[in-house]
Each structure stands twice: as C-alpha cells, then as structure tokens.
Amino acid sequence: MNKQEQQHLFEGIIEQHKGILFKVARAYCPDEEDRQDLIQEMMIQIWQSVHKYNDQYKITTWLYRISLNVAISYYRKNSTRTKKFTDLNEQMMEIPVEDKSENEKQLNLLEQFISELKEIDKALMILYLEDKSHTEIAEILGMSISNVGTKVGRIKEKLKTRFAQLKS
Amino acid sequence: MDELELKKLWQSTNDKLEKSFVIDKKNTEEITHMKVYSLLGSMKPIKFFALLVGILWVGIGGIALSSIYLNSFNEANKFFLFSASIQVGLTAISLYIYLYQLITIYQIDITEPIVRTQEKLSSLKISTLWVTRLLFLQLPVWTTFWWNETMLTDWGILQWIMTLFFTLSFTVIAIWLFFNIKYENRNKKWFQLIFSGKEWIPLMKSMELLEQVEEYKDQNAST
C-alpha cells in the first residue's frame, strides 16, 4: 500500500467510524479537554497502524482494539502528560455539550456505573452495550467466547442490582 | 429498565451526540503529514539515553577497574576497588533491563487484542521495579568505597561501631528490599509507602491493570 492509498484509507476510516473513537473516549475520559487529547492520540495511532491493516478482521474489530488499547494506556501517561501537538488546530474536534433527555436519570446512572468499572470490564461493557456479538468481543479483547459470556453475565448482574437499588 | 431498553438508551444517546461530533478534514490530513510518533515513542529516547550513559559508565568504569586489577592491584585501595566493581557490575545488569525494555517496546502492537497488549504494556512498566531493586542493592557500597587501611590502625572503637552500624544497616535493608520489592507485595503498606509519590502513579496503575489482566487470564485457564 503506497502513502496515498494509506492516506485515503485513513481518511475513510475516520470519516466512517469516528463514532467508535467518540464512544470509547467518552467512556474513558469524563473530562472534555482530556477527551479531545485522547481522540487525537487514537487518530495518530490509527494512522501509525493503517499500513498493517488486513481484512482478516472486520474494520470495527481493528478500530476497537486500537481505540481501547489507547484509552486504557492513556491514563498511565496522564500524570506526566505534556501537549505534543500544540501546532494542531485546537478547534480540531468539536465535541458537543450533552443535551438533556427524558431518560437523563437512567443515562446518568448507566454512565456512573460504567465509570466505576475497572478498565477491561469497561471495555467489555461498551462492547456489550454496542450490541457486539460474543465472537467479536472475544476477538477484540483476546479471550474465549465462553469467557466473554461469563464476564458479560457478571457485569449485567451488577448493572441489574444497581438499577434495582434505584427503583427501591 | 431492562437490558434492551438500556442498550437502546446508550445507543440513541451516543448516536445523537455523534451526529454533532465533527472532525475537521484538514486536520485529519495534517495527522498524515506528522512526523512518525507512537504511543510508546516517547519512551524510546529516554531509554536510549539511559542506555548510552550506562554504556559509557560501565565502559569507562570497566576499563579503569580492569587496569587497576591488572597493573596495580597490590597498591590499590581494596575497599574502593571492590565497592566500585560491585557498583559497575550492578549498573551493567541495569543496562540489560533497559535493553529488555527497548526490545519489548518494539514488540508491542497496539492493534493486538486488549488483554495481550495491556499485559505486555503493564509488564514493561513493572520491569522498572528491577531497576529500583538494583538501585537499592548499590546502597552498601556507597558506605564502603571511602574505607582505607589506615582505619584499621587509627580508628577508635566508637568510630568503628558507627561505621559498621551504618554499613550493616544499609546492607540488611538493601538485601531485604532487593528480595521484597516485587509485584506480589504491591498491596503491602511499606511497598505503597516507597512507591507513594506522583512519579510512581503509572507504575502502581500498571500493577492494578496487570491484576485485571490476570483475572481475565485465570478465567481463560479455568474453562
């Protein structure tokens, strides 16, 4: 793949699947400024890896792997983080302020629940909520399909308990 | 609220937010012209620098010490000679660890599954513990390199007691820390006290993450 083809593929991936980056960043980074940095980091990693992409896996599987790996690793660097790309337009990404909805209470609770999860459990929860099949989750996380079932089951139980507490 | 409703709520909220999430095409293009950089890229120059300084230290130290051993061993201050040899030897071992870390950095692939990549990244960070262990192990030699033979004739009992007390204490502490600073002791109070500073946060977080990775791996093994 030459540079031009890589560039074309990269721009296509970002345009078509930017939602994946956004959702993962939103789950791992509550702070908006950090979130923009995180999305930028994800995009750079996608660009760095685009030459390695092959169609053995679905593009979404590949993208989830990169974005989740970056998001999980990102927190390690946070304490000593310095801005590396100040030359980039600071208005590069406009992330909207979340508007209120009638289901706001449930959504807040769900988001709070996700934020309390450990890093890998959080990845599993995002994929579960995105309705990914157990096979795809197993490919993204690198575990067996049966274990995906077990882990998802446990997280669902926790989630049910949390919502039941709210009702009572 | 049941499972399906939850998924629907999550997806519809994200879909709505996503629609107004804009990535400027011009800036996407800018990334493709950026100088090559990777998530681990920032670690490489530091490791290379440490490796270079270490090679110089061990190289120059090794040559100087070898020359003393070969040409003027009888006249040399043995306390200094043996202390310096231990120090240079331990630094050489640290170099080996830096080399291992550099090789691991090059082997990490961010497009691999999460559990595998995070295990490698955490193990890489945790290998820093080895450098700390070796640093502590050097402690006693810093209390002996200035010793000399006149001490045997000129020193009084109090001076001896003081000096031996410091050297023995440092030796016991250094050996104990060398064997006990390890991942398995991460939850002990003394361990958390040593690694309580801000600069250790990434290391402690890597340990927490490795614990999660192990949970996932244990589950894989048990089925």
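Residues numbered from 1 in each chain as written. Chains lettered and ligands numbered in written order. Predicted model: local features only at pLDDT ≥ 70, side-chain atom pairs only at ≥ 80, totals over all residues. Heavy atoms only, no water.

Student: Report on the side chain of Gln118(B), specifying residues and quantitative values.
Tutor: Checked against the element boundaries, Gln118(B) lands in helix 5 (residues 114-126). Since its relative accessible area comes to 0%, Gln118(B) is described here as buried. At 3.3 Å, the side chain of Gln118(B) and the side chain of Ser73(A) are in polar contact. (Helix = DSSP H or I, 4+ residues; strand = E, 2+ residues; numbered from the N terminus. Buried < 20%, exposed > 50% of the residue type's maximum accessible area, 1.4 Å probe, protein only. Polar contact = N/O pair within 3.5 Å; in protein donor to acceptor, adjacent residues only side chain to side chain.)

Student: Quick one: what's the story with the nonpolar core, residue by residue and with numbers?
Tutor: Judged by nonpolar contacts, the single largest core of 64 residues is most densely connected at Tyr28(A), Leu38(A), Leu68(A), Leu110(A) and Met125(A). The biggest single contributor to this core is helix 1 (residues 3-28) of chain A, with ten residues. If we skip the residues at most four places from it in the chain, Tyr28(A) touches Leu38(A), Leu68(A), Ala71(A), Ile72(A), Glu119(A), Lys122(A), Ala123(A) and Ile126(A). Ranked by size, the runner-up nonpolar core spans eleven residues in total, among them Ile126(B), Leu177(B), Leu203(B) and Met207(B). (Core = buried A, V, L, I, M, F, W, Y, C linked by side-chain atoms within 4.5 Å. Contact = heavy atoms within 4.5 Å.)

Student: Tell me about the pattern of salt bridges, and name the residues and values.
Tutor: Enumeration over the complete set of coordinates arrives at ten salt bridges over all chains. Between Glu136(A) and Lys58(A) there is a salt bridge, with its nearest N and O atoms 3.2 Å apart. Linking Glu136(A) in helix 6 (residues 134-141) with Lys58(A) in the loop between helix 2 (32-49) and helix 3 (59-78), this pair joins segments that are 78 residues apart in sequence. Judged by its relative accessible area of 52%, Lys58(A) is exposed. Here Lys151(A) and Glu215(B) are joined by a salt bridge, their closest N and O atoms 4.0 Å apart. In this pair, Lys151(A) sits in helix 7 (residues 145-167) while Glu215(B) sits in helix 10 (residues 201-222), so the two residues belong to two different chains. Among the residues examined, Glu215(B) registers a relative accessible area of 33% and is labelled partly exposed. One salt-bridge network, held together by shared partners, links Lys118(A), Lys151(A) and Glu215(B). (Salt bridge = Lys/Arg side-chain N within 4 Å of Asp/Glu carboxyl O.)

Student: Please provide a residue-by-residue account of unusual backbone geometry, values included.
Tutor: For Asp131(A), which is not glycine, the phi torsion reads 65° and is therefore positive. Along the chain, Asp131(A) falls in the loop between helix 5 (119-129) and helix 6.

Student: How would you sum up empty space enclosed by the protein? Please name residues and give values.
Tutor: All names here are of chain A. Inspection of every chain in the model, using the stated rule, returns one cavity of 30 Å³ or more. Contributing to the lining of the largest cavity are Leu124, Met125, Tyr128, Val152, Ile155 and Lys156. Sorting the residues of the lining of the largest cavity by element identifies helix 5 and helix 7 as the ones contributing at least two each. For the lining of the largest cavity, the residue count by class is five nonpolar, no polar and one charged. (1 Å grid on protein atoms, 1.4 Å probe; cavity = no way out; pocket = protein on both sides within 12 Å on 5 of 7 lines; lining within 4 Å. Points joined across faces, edges and corners; volume = space filled by probe spheres on them. Nonpolar A, V, L, I, M, F, W, Y, C, P; charged D, E, K, R; others polar.)

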